[in-house]
Amino acid sequence: NCVRNVTADQFAGATPEEIEDPRPLAEIIRQWSTLHPEFTYLPRKFKIAVGGAAHDRAALKFHDVAVEIVKNEAGETGYRVYAGGGMGRTPYVAHVVGEFVAREDILAFIEAVMRVYNQSGRRDNIYKARIKILVAALGAEEMKKQIAREFVEIKAAGTLQLPQDELDRIAAYFAPPDFEAAATDETPASSEPGFADWLRNNIAEHRAPGYAIATISLKPIGGVPGDASDAQLDALADLMDGFGMAEIRVSHEQNLVLPHVKKRDLLAIYARLKALGLATPNAGLVSDIIACPGLDYCDLANARAIPIAQAISERFADLDRQHTIGELKIKISGCINACGHHHAGHIGILGVDKKGVEFYQLQLGGSGAEDASIGEILGPAFATSEIVDKVEEMIGVYLEKREGHERFLDTVRRIGIAPFKERVYAAH
């Protein structure tokens, strides 16, 4: 029960959207928190995320503590701090506990948050031991007051000031590669089937001219979400060597990311990925599903998740149909622990056990992005044989009701869950 993870945006240091690269701060927090003598026996495990852009790709508001890099009205860079987010059996969206924390004060402020949690978090009940339960019990305003008191005491002691040379050393570790000044900003033209779709869905804008960010989807139609073979990974390493890339990242969406790709190399990289079965052009679409291992592999699970994800992706295999639907994040968990982030899915699917038989509960309207929200349960669970049909029925309601270029999530928020509920339970 310590700080287990410190994570950041998978596009960090590459996207032009960010105020600054969040990785140096994430590393500072990791080094500071590892074996911290005061926080090696917290009431429960603790997870921290750091983001540097307004568009949240790190699910900040579903972490115990999250730090968002922001600018104030004077143009100064600082941090907005959240606390009390989480999923599992009692999901909560985190509250802002520090609207603008100065750069030099961030470790002291995080220590203040953790100290309040360490002193007041419950140790008598493992299911009520996370900081989200403490924030909910105290209320956000009282939590902020207690953090403020601790922060004043920590500041008065004059501790937690990092030497500038140490800050510079850590920042240098995350320095961007030497971008080629003469890199062309043109992407090669090609009639290669699938290349235009891959560019449309899997390629994001880069901060450096002539470069792009490439998402390698690990969601082939009918495949196991997030799965890659040893041979594929070895071949990816060879590909990176061949194109002078030193870094590949894993996203919480169960995909891989090449953060610094020359645009002139995109066609050749696509061809290599296609040969490896790694060029599925579906990032962010209905077949780009997050799923936990479920009952196939996990002793905690109540139901399988992988076969449901496979069946949904097969039902929506047609790429033109996926484009018609647009952005849609489906997330599947095989139990209430929510490792598949079903609470934050535009469509969330939770596997449950009814007298030894697998059923699936549907949720609508969740989001793990900057507009974070917890999905609303539609009603009673459906049998395994029904669940894919019910997902298709809900998407049908969306296509009928959407206005203009609304995303699925936008339509759900505008019209509510009642039309979806009416459709899926019509025959029940």
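Please refer to the structure placed before this passage.
About the thresholds
- Along each chain, numbering runs from 1 in the same order as the chain's sequence is written.
- Side-chain atom pairs in this predicted model are given and counted only at pLDDT of 80 or more, local residue features only at pLDDT of at least 70, and totals for whole chains, interfaces and linings cover all residues.
- Neither water nor hydrogens contribute to the side-chain values; these are computed over all heavy atoms in the structure.
- The patches described consist of residues with a relative accessible area above 30% and no salt bridge, like charges being joined within 9 Å and nonpolar side chains (Val, Leu, Ile, Met, Phe, Trp, Tyr) within 5 Å.
- All accessibility values rest on the Shrake-Rupley procedure with a 1.4 Å probe; residue burial counts only the protein chains present in the view.
- For this analysis, a salt bridge means a side-chain nitrogen from Lys or Arg found within 4 Å of a carboxyl oxygen belonging to Asp or Glu.
- His is not counted, nor are the chain ends, whereas Lys and Arg count as positive and Asp and Glu as negative.
- Note on charges: their place is set at NZ of Lys, CZ of Arg, CG of Asp or CD of Glu.
- Secondary structure elements are taken from DSSP: a helix is a run of H or I of four residues or more, a strand is a run of E of two residues or more, and numbering for both begins at the N terminus.
- Three labels apply to residues, based on accessible area from a 1.4 Å probe with only protein chains included: buried if under 20% of the type maximum, exposed if over 50%, partly exposed otherwise in between.
- Pairs of strands are assigned from DSSP output, requiring at least two bridges between the strands.
- To obtain each axis, a line is fitted to C-alpha atoms, and for helices this fit is confined to the stretch in contact; angles are then taken between N-to-C directions over 0 to 180 degrees.
- Two residues qualify as a contact provided that any one of their heavy atoms is within 4.5 Å of a heavy atom in the partner residue.
- Take the buried residues of types Ala, Val, Leu, Ile, Met, Phe, Trp, Tyr and Cys, join any two whose side-chain atoms come within 4.5 Å, and each joined set is a nonpolar core.
- A pair of aromatic rings is counted whenever rings of Phe, Tyr or Trp (Trp by its six-membered ring) have centres within 6.5 Å, and the orientation is called stacked for planes under 30 degrees apart, edge-to-face for over 60 and tilted otherwise.
- The criterion is that NZ of a Lys, or CZ of an Arg, lies within 6 Å of the ring centre and within 35 degrees of the ring normal, and then a charge sits over that ring.

A. Geometry of a negative patch on the surface. A contiguous patch of negative charge, built from Asp230, Asp234, Asp238 and Asp241, is present on the exposed surface. Of note, Asp234 is situated in helix H7 (residues 230–242). Asp234 gets classed as exposed once you look at its relative accessible area, which sits at 52%.

B. Structural context of the sheet that holds strand S2 (residues 46–51). Reading across from one edge, S1-S2-S3-S4-S5 is the order of the 5 strands in this open sheet, with mixed pairing throughout. Edge positions in the open sheet fall to strand S1 (3–8) and strand S5 (95–102), since each of these has one partner strand only. Each strand of the sheet is rotated relative to its neighbour by a mean of 20°, with strand direction disregarded.

C. Just unusual backbone geometry, in detail. Phi at Ala59 takes a positive value of approximately 55°, unusual for a residue other than glycine. Looking at the secondary structure, you find Ala59 in the loop between S2 and strand S3 (65–71). Looking at Ala59, the relative accessible area reads 7%, which means it is buried. Phi angles above zero are rare outside glycine, and Gln254 is one such case at about 70°. In this structure, Gln254 sits in the loop between strand S8 (249–250) and strand S9 (256–262).

D. Geometry of the sheet that holds S8. Spatial ordering of the open sheet is given by S6-S7-S9-S8, a layout of 4 strands whose pairing is antiparallel. The outermost strands of the open sheet, each flanked by one partner alone, are strand S6 (203–205) and S8. Across 3 bridges, S6 lies against strand S7 (residues 211–216) in antiparallel orientation. Looking at the pairing, Ala204 lines up with Ile213 of S7. Contacting S6, S7 and S9, helix H8 (residues 266–275) crosses the sheet at an angle of about 150° to S9.

E. Layout of the pattern of salt bridges. Throughout the structure, instances matching the rule amount to 35 salt bridges. Between Arg23 and Glu247 there is a salt bridge, with its nearest N and O atoms 3.4 Å apart. Of this pair, Arg23 sits in helix H1 (residues 23–33) while Glu247 sits in the loop between H7 and S8, and the two are 224 residues apart along the sequence. A salt bridge links Arg122 to Asp124; the nearest nitrogen and oxygen atoms lie 2.9 Å apart. Judged by relative accessible area, which is 35%, Arg122 ranks as partly exposed. Here the residues in one salt-bridge network are Glu327, Asp371, Arg407, Asp410 and Arg413, joined through shared partners.

F. Layout of the nonpolar core. Counting residues in hydrophobic clusters, the biggest one holds 38 residues, and the most contacted among them are Ile29 and Phe46. For this core, the secondary-structure elements that each account for two or more residues are H1, S2, S3, strand S4 (77–83), S5, helix H2 (106–120), helix H3 (131–138) and helix H4 (140–156). Every residue in contact with Ile29, bar those within four places of it in the chain, is listed here: Val6, Ile48, Val50, Val67, Leu107 and Ile110. If you look at the next biggest cluster of nonpolar residues, it comprises 34 residues, including Tyr360, Val388, Ile417 and Phe420.

G. Structural view of H1. A large share of H1 lies buried, amounting to 9 of its 11 residues. Within H1, burial applies to Arg23, Pro24, Leu25, Ala26, Glu27, Ile28, Ile29, Trp32 and Ser33.

H. Fine view of the packing of aromatic side chains. Enumeration according to the criterion identifies 11 aromatic pairs in this entry. A centroid spacing of 5.5 Å and a plane angle of 55° characterise the contact between Phe195 and Tyr270, whose relative ring orientation is tilted. Linking Phe195 in helix H6 (residues 195–202) with Tyr270 in helix H8, this pair joins segments that are 75 residues apart in sequence. Just as Phe195 is buried, Tyr270 falls in that class too. Members of the aromatic cluster, joined through ring pairs, are Phe195, Trp198 and Tyr270. Over the ring of Phe359 we find Lys354; its NZ or CZ atom is 4.9 Å from the centre of that ring.

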